[in-house]
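# Architecture at a glance
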Amino acid sequence: MLLFNIKLYKYTLFNHNSGEDTGPKKAKIGALQQSQPKRHHRKNFDRIAALQQENRMECTVRWMGNDAGMSFVAESGSGHAVVMDGAPDAGGRNLGLRPMEMVLAGTGGCSAFDVVLILKKGRQAVSGCEVSLTAERAQTDPKVFTTIHFHYKVKGRQLKPEAVARAIELSKEKYCSASIMIGKTAEITYDFEIIEES
C-alpha cells in the first residue's frame with residue numbers, strides 16, 4: 001500500500017520585466033556573424049542557418065468551414081494537430097478547447113516540463129507532476145490574462161522543498177517562454193504540494 005504525506009508550500013512570483021533576449025544562442029549567432037576568413041564563410045553560414053532554424057516555429061490554423069461552425073484545426077510544425085472551437089453563443093459547437101484555453105494549457109505544459117526536467121537533472125526522485133492553473137482575464141477587449149495562479153502537485157521520494165521551489169522559480173524566471181510572455185500582462189503566483197511516495 002502506498003502512503004502519501006502532503007505538504008503545502010506557498011510562493012508568489014510577480015510580473016517579469018526581462019529585456020531583449022541576449023541568451024547563449026543569440027550571442028552564438030552574433031559571434032558567428034563576425035568577419036571570418038573566406039574559406040570559413042560557407043561553413044559559418046550553414047551553422048548560423050541551423051541555429052536560426054532551432055529558434056523558428058511554424059503552425060497552420062485552418063477553419064473547418066461553415067458546416068463546422070467556428071471549429072479550427074491547428075497543425076504544428078512538429079506534425080501534430082489539435083481542434084479548437086468557440087462557445088455556442090459565439091457560433092461554436094464546443095468541439096474543442098477555446099483558443100485562450102490553449103494558451104493557458106500550453107503555459108502549464110511548458111512550466112511542468114521544466115519542473116520535471118530540472119528536478120531530474122538535480123537527481124531528485126520525482127515520479128509525478130501535475131499543475132492546475134486558475135486565470136482571470138480583463139473585462140474589456142483585448143481580454144488578456146491579468147492573473148494566473150499555478151498550483152503544482154509534485155510526487156516523489158524524499159523530495160526537498162527547496163529543490164522543488166527552485167525548479168519552479170527557474171521555470172518562471174528563465175526557461176518557460178510561455179509564462180514569461182504572459183507575465184508581461186498578468187500577475188503570476190504559485191504554490192505547490194509535495195506528495196511523499198513510500
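Below or above, wherever it landed, is the structure these notes cover. (Residues numbered from 1 in each chain as written. Predicted model: local features only at pLDDT ≥ 70, side-chain atom pairs only at ≥ 80, totals over all residues. Heavy atoms only, no water.)

Another aspect to go through is the layout of surface pockets. There is about 170 Å³ of room inside the second largest pocket. The wall of the second largest pocket is formed by Asp114, Leu117, Ile118, Lys121, Leu170 and Tyr175. Contributing elements (two or more residues each) for the lining of the second largest pocket: helix H3 (99-121) and helix H4 (161-175). When grouped by side-chain class, the residues that make up the lining of the second largest pocket number four nonpolar, no polar and two charged. (1 Å grid on protein atoms, 1.4 Å probe; cavity = no way out; pocket = protein on both sides within 12 Å on 5 of 7 lines; lining within 4 Å. Points joined across faces, edges and corners; volume = space filled by probe spheres on them. Helix = DSSP H or I, 4+ residues; strand = E, 2+ residues; numbered from the N terminus. Nonpolar A, V, L, I, M, F, W, Y, C, P; charged D, E, K, R; others polar.)

Our focus in this paragraph is the sheet that holds strand S3 (residues 72-76). Two orientations exist for strands paired in a sheet by backbone hydrogen bonds: parallel and antiparallel. Read from one edge of the open sheet, three strands run S2-S3-S4, paired in antiparallel fashion. Either end of the sheet is taken by a strand with one partner, and the two such strands are strand S2 (59-63) and strand S4 (81-84). Each adjacent strand pair in this sheet contributes to an overall mean axis angle of 20°, direction not counted. Direction of pairing for S2 relative to S3: antiparallel, over a ladder of five bridges. (Pairing = 2+ DSSP bridges. Axes fitted to C-alpha atoms, helices over the stretch in contact; angles between N-to-C directions.)

All right, on to the nonpolar core then. Ranked by size, the top nonpolar core spans 24 residues in total, and within it Leu119, Tyr152, Val164 and Phe192 carry the most contacts. Contributions of two or more residues to this core are made by H3, strand S5 (125-137), strand S6 (145-157), H4 and strand S7 (187-197). When sequence neighbours within four positions are dropped, the list of residues in contact with tyrosine 152 reads Ser111, Val115, Glu130, Val131, Ile168, Lys172, Tyr190, Asp191, Phe192 and Glu193. (Core = buried A, V, L, I, M, F, W, Y, C linked by side-chain atoms within 4.5 Å. Buried < 20%, exposed > 50% of the residue type's maximum accessible area, 1.4 Å probe, protein only. Contact = heavy atoms within 4.5 Å.)

Glycine aside, the phi torsion of most residues is negative, and most peptide linkages are trans. Between aspartate 141 and the following residue, proline 142, the backbone shows a cis peptide bond with an omega angle of -5°. With a phi close to 60°, asparagine 94 is a non-glycine residue in the positive phi region. Assignment of secondary structure puts asparagine 94 in the loop between S4 and H3. The class for asparagine 94 is partly exposed, based on a relative accessible area of 46%. In this structure, arginine 123 is a non-glycine residue whose phi angle is positive, near 60°.

Within the element layout of this structure, cysteine 59 appears in strand S2. On the basis of relative accessible area, cysteine 59 is assigned to the exposed category, the value being 54%. For the pair cysteine 59 and serine 78, spaced 19 residues apart in sequence, the C-alpha separation works out to 8.8 Å. Those residues in contact with cysteine 59, other than ones at most four positions away along the chain, are Ala74, Glu75 and Ser76.

Under the counting rule described, the total for this entry stands at one salt bridge. In this structure, arginine 62 engages glutamate 75 in a salt bridge whose closest nitrogen and oxygen atoms are separated by 3.1 Å. With arginine 62 in strand S2 and glutamate 75 in strand S3, this pair connects stretches of sequence that are 13 residues apart. On the basis of relative accessible area, arginine 62 is assigned to the partly exposed category, the value being 43%. For glutamate 75, a relative accessible area of 35% corresponds to the partly exposed category. (Salt bridge = Lys/Arg side-chain N within 4 Å of Asp/Glu carboxyl O.)

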